[in-house]
Amino acid sequence: MTPPDPNARRRRPATRRKLLRRLLLLAIAIGIVLLAVRPGGLGAQAATSVELAAGWNNVAYGGETLPVDDALTNARDRVQSVWRWRAAEQTWVGAFIGSDAPASLHSLETGAAYWIRARQAVHWQWRSAVLFARARLSIERPPGSSLTIDVELADTPERRARGLMFRERLAPDAGMLFLFPADRRTGFWMRDTRLPLSIAFIGADGRIQEIRDLQPLDETIVAPAEEYRWALEVAQGWFAANDVAVGDRVRLTGD
């Protein structure tokens, strides 16, 4: 029989403290890992590409919202199909690449997750998003009343070319203001634009010259009768609902 160890009681608290320290360090390490892979974290936002393996891949798409073929860029010839779960309808929607099979998925959206089946491994490099600066636009309505609206500024050729293409929604009191360096009469169309919109053509003096409605995906050119300097696109019917009419004046408030 082994005699009792007189120091056993002293060692037990020390052993427990060591165990607690190890558990604490393990918990901290797990927390750091979880923060690093959290969806929408800094790492996900900074990514501009992803490695696709042969077979099925679950991918959080980080490029700009584009039609499926355009979004796949250099990976197009190695991808068989792309799928997304549509929770509202409890069904899968998909796009088939290089096939006559019917497609129900038309574009890849920034930040959305997809299942992608690749024929072989490929380093998929996607385009970065077109970013828009934001501002407040004041609309002066007689007699002396005014309202403001949040706008995204399409103030470069790249931003003006993109406009509201591929958007799935537009906030009720928001719009996009197209800024041109000189007067012009070129019209607008609705290619790849799914939202019903209204557009106001605005002169260099800030006066609304004409208001027209634009229909989703309609490629008919809608041009104003006069030259204009700015154009404001909003949800269809917004101008009428807010009593905004030809002759009212607009200005950027800067806040």
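Residues numbered from 1 in each chain as written. Predicted model: local features only at pLDDT ≥ 70, side-chain atom pairs only at ≥ 80, totals over all residues. Heavy atoms only, no water.

(A) Region of the structure containing the sheet that holds strand S2 (residues 55-60). Taken in spatial order, the four strands make up an open sheet running S2-S7-S4-S5, and their pairing is antiparallel. Looking at the sheet topology across the chains shown, the edges are occupied by S2 and strand S5 (91-96). Taking the axes of each pair of neighbouring strands and ignoring which way they run, one obtains an average angle of 25° across the sheet. Of the strand pairs in this sheet, strand S4 (residues 79-86) and S5 are connected by six bridges, and their pairing is antiparallel. (Pairing = 2+ DSSP bridges. Helix = DSSP H or I, 4+ residues; strand = E, 2+ residues; numbered from the N terminus. Axes fitted to C-alpha atoms, helices over the stretch in contact; angles between N-to-C directions.)

(B) Expanded view of the sheet that holds strand S13 (residues 208-214). Read across the sheet, seven strands follow the order S13-S12-S14-S11-S10-S9-S15 without closing on themselves; strand pairing throughout is mixed. Looking along the sheet, the strands with just one partner apiece sit at the ends: S13 and strand S15 (249-252). The average angle at which neighbouring strand axes cross in this sheet is 30°, direction not considered. The sheet contact formed by strand S12 (residues 197-202) and strand S14 (residues 228-235) spans six bridges and is antiparallel. The residue of S14 that forms the bridge with phenylalanine 201 is alanine 231.

(C) Layout of the nonpolar core. Val82, Leu108 and Trp124 are the most contacted members of the largest nonpolar core, which totals 23 residues. Of all the secondary structure elements, the ones that give two or more residues to this core are helix H3 (68-72), S4, S5, strand S7 (113-118) and strand S8 (122-125). With three residues, the top contributor of residues to this core is H3. Excluding anything up to four places from it in sequence, leucine 108 contacts Tyr61, Glu64, Thr65, Leu66, Val68, Ala71, Val82, Tyr114 and Trp124. Counting 19 residues, the second-largest nonpolar core is a separate cluster that includes Leu147, Ile149, Leu153 and Leu177. (Core = buried A, V, L, I, M, F, W, Y, C linked by side-chain atoms within 4.5 Å. Buried < 20%, exposed > 50% of the residue type's maximum accessible area, 1.4 Å probe, protein only. Contact = heavy atoms within 4.5 Å.)

(D) Broad picture of the pairing of S8. With burial as the criterion, only one face of S8 is covered, namely that bearing Val122 and Trp124; the residues His123 and Gln125 on the opposite face remain uncovered. Pairing geometry for strand S1 (residues 49-52) and S8, over four bridges, is antiparallel. Residue leucine 52 lies in a different strand from S8, and its bridge partner there is valine 122.

(E) Structural view of the confidence of the model for the chain. Per-residue pLDDT for the chain averages 84, and the proportion of residues at 70 or more is 84%. Low confidence marks residues 32-46, where pLDDT is under 50. Its contacts with residues over four positions away, or in another chain, come to one contact. (pLDDT = per-residue confidence, 0-100.)

(F) Representation of a positive patch on the surface in the model. Where like charges cluster on the molecular surface, the positive patch consists of Arg17, Lys18, Arg21 and Arg22. Locating arginine 22 in the fold gives a position in helix H1 (residues 8-37). (Patch = residues over 30% accessible without salt bridge, like charges linked within 9 Å, V, L, I, M, F, W, Y side chains within 5 Å. Areas by Shrake-Rupley, 256 points an atom, 1.4 Å probe, with all protein chains shown as cover. Salt bridge = Lys/Arg side-chain N within 4 Å of Asp/Glu carboxyl O. Lys, Arg positive; Asp, Glu negative; His and termini not counted. Charge placed at Lys NZ, Arg CZ, Asp CG, Glu CD.)

(G) Structural context of the layout of surface pockets. Its boundaries defined by the atoms lining it, the second largest pocket holds a volume of some 300 Å³. Forming the boundary of the second largest pocket are 19 residues, of which Arg160, Ala161, Phe178, Phe188 and Trp189 lie nearest the centre. (1 Å grid on protein atoms, 1.4 Å probe; cavity = no way out; pocket = protein on both sides within 12 Å on 5 of 7 lines; lining within 4 Å. Points joined across faces, edges and corners; volume = space filled by probe spheres on them.)

(H) Spatial organisation of the side chain of asparagine 57. Positionally, asparagine 57 belongs in strand S2. Within the local environment of asparagine 57, its side chain forms a polar contact with the backbone nitrogen of alanine 53, the two atoms lying 2.8 Å apart. (Polar contact = N/O pair within 3.5 Å; in protein donor to acceptor, adjacent residues only side chain to side chain.)

(I) Quick look at the pattern of salt bridges. In total, this model carries eleven salt bridges according to the counting rule given. Between arginine 229 and aspartate 183 there is a salt bridge; the shortest N-O distance is 2.8 Å. Within this pair, whereas arginine 229 is found in strand S14, its partner aspartate 183 is found in strand S11 (residues 174-184), the two being separated by 46 residues in sequence. The class for arginine 229 is partly exposed, based on a relative accessible area of 24%. In this structure, aspartate 205 engages arginine 249 in a salt bridge whose closest nitrogen and oxygen atoms are separated by 3.5 Å. With aspartate 205 in the loop between S12 and S13 and arginine 249 in strand S15, this residue pair connects regions lying 44 residues apart in the sequence.

(J) Spatial organisation of a nonpolar patch on the surface. There is a patch of nonpolar side chains on the surface, built from Trp56, Trp85, Trp92 and Trp115 and spanning about 460 Å² of accessible area. Mapped onto the elements of the fold, tryptophan 56 is located in strand S2.

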